[in-house]
Amino acid sequence: MESATVLIVEDEPSIADILRITLKFHGFAVHTAATGREALAAAREHRPDLVLLDVMLPDGNGWEVCRTLRAERTFPDELAVIFVTARDAPRDVVAGLALGGDDYITKPFGVDEVVARVQAVLRRTRRHIVSDPVLRHGDLEMDEATYSVRRGGKPVDLTPTEYNLLRQLLRNAGRIVTKEQLLQDVWSYDFDVESTVLETYISYLRRKLDHLGPPLIETKRGIGYGLRAVRA
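One structure accompanies this document, and this report is about it. Treat the numbers as computed from the prediction; the structure is a model and nothing was measured.

Conventions and cut-offs
Residues numbered from 1 in each chain as written. Predicted model: local features only at pLDDT ≥ 70, side-chain atom pairs only at ≥ 80, totals over all residues. Heavy atoms only, no water. Pairing = 2+ DSSP bridges. Helix = DSSP H or I, 4+ residues; strand = E, 2+ residues; numbered from the N terminus. Contact = heavy atoms within 4.5 Å. Axes fitted to C-alpha atoms, helices over the stretch in contact; angles between N-to-C directions. Buried < 20%, exposed > 50% of the residue type's maximum accessible area, 1.4 Å probe, protein only.

On to the sheet that holds strand 14 (residues 224-227). Ordered by their spatial adjacency, three strands build an open sheet running 12-14-13, and the pairing between neighbours is antiparallel. The sheet terminates laterally at strand 12 (177-178) and strand 13 (217-220), the two strands that pair on one side only. Sitting on the sheet, helix 9 (residues 196-209) is in contact with strand 13 and strand 14, with an inclination near 150° to strand 13.

As structure tokens, then:
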């Protein structure tokens, strides 16, 4: 199953942080931008599946950003846009949807509502992302619908942090994920910190997984971690 990427365009840092942390917890890859110009640059660089787009921006409005995204041929037709704004007049809602928005969320909002709207829009625009909630690597399975993990058919009891760390490794199976990226994705660390916390949780995962089969987690010294290749 492929991970969905969300671009949050929001100039209020507190709101952007809450949305970023919440969406990362639910398994999305997340990028942020605070202006229309930053939003277009980030969209071109990261190729998001969905843009969570504030209407009122310091250098213009989200409608113009949406119009540009829809006009550029480099973006696929299934790129989804959800407008987020305090402006809830019917004419504003109609204007946003007419410009190519897929949904409209008014402030103030609950984060659970945002997650539900994002998932619903992605079900319509990229069905293959959510059609199978199970991540698999060899005899290891993670069901994101039930937050359960099994290896060789046997359940593996994980804490929320262990689960999120293993999910990032599964989503990147076949390659090494850097320590910095794992710290950012799992713990939302955007600065240089000691990697002791990561090493500790890697050891927890190994302890719970390795007694059920061959060692799965590979260490690339000085770089990061990944899941070992599985022999056919």
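This part covers unusual backbone geometry. Put simply, Lys-107 and Pro-108 share a cis peptide bond, and its omega is -5°. Mapping Pro-108 onto the fold places it in the loop between strand 7 (103-106) and helix 5 (111-125). Phi at Arg-47 takes a positive value of approximately 50°, unusual for a residue other than glycine. Tracing the backbone shows Arg-47 in the loop between helix 2 (36-46) and strand 3 (50-54).

So, about the sheet that holds strand 10 (residues 148-151). The sheet built from four strands is open, its strands ordered 8-9-10-11 with antiparallel pairing. Each edge of the open sheet is held by one strand with a lone partner, namely strand 8 (134-137) and strand 11 (154-156). Sheet twist, expressed as the mean angle between neighbouring strand axes with direction ignored, is 25°. Sheet analysis places strand 8 next to strand 9 (residues 140-143), joined by four bridges and oriented antiparallel. Across the sheet, the residue bridging to Arg-136 is Glu-141, located in strand 9. Running over the sheet, helix 7 (residues 160-171) touches strand 8, strand 9 and strand 10 and is turned about 115° from strand 9.

Moving on: the environment of Phe-75. Looking at the secondary structure, you find Phe-75 in the loop between helix 3 (62-71) and strand 6 (80-85). The buried category is assigned to Phe-75, whose relative accessible area is 6%. Taking the C-alpha atoms as reference, Phe-75 lies 9.6 Å from Asp-49; in sequence the two are 26 residues apart.

Each regular strand displays side chains that alternate between the two surfaces of the sheet. Burial along strand 14 is two-sided: Gly-224 and Gly-226 facing one way and Tyr-225 and Leu-227 facing the other are all buried. Here strand 12 runs beside strand 14; their pairing, made up of two bridges, is antiparallel. Bridge pairing links Val-177 to Tyr-225 in strand 14. Looking at chain direction, strand 13 and strand 14 are connected through four bridges and run antiparallel. Along strand 14, the bridge assignment pairs Lys-220 with Gly-224. Between strand 13 and strand 14, which follow one another and run antiparallel, lie three residues, and Gly-222 among them has a positive phi close to 80°.

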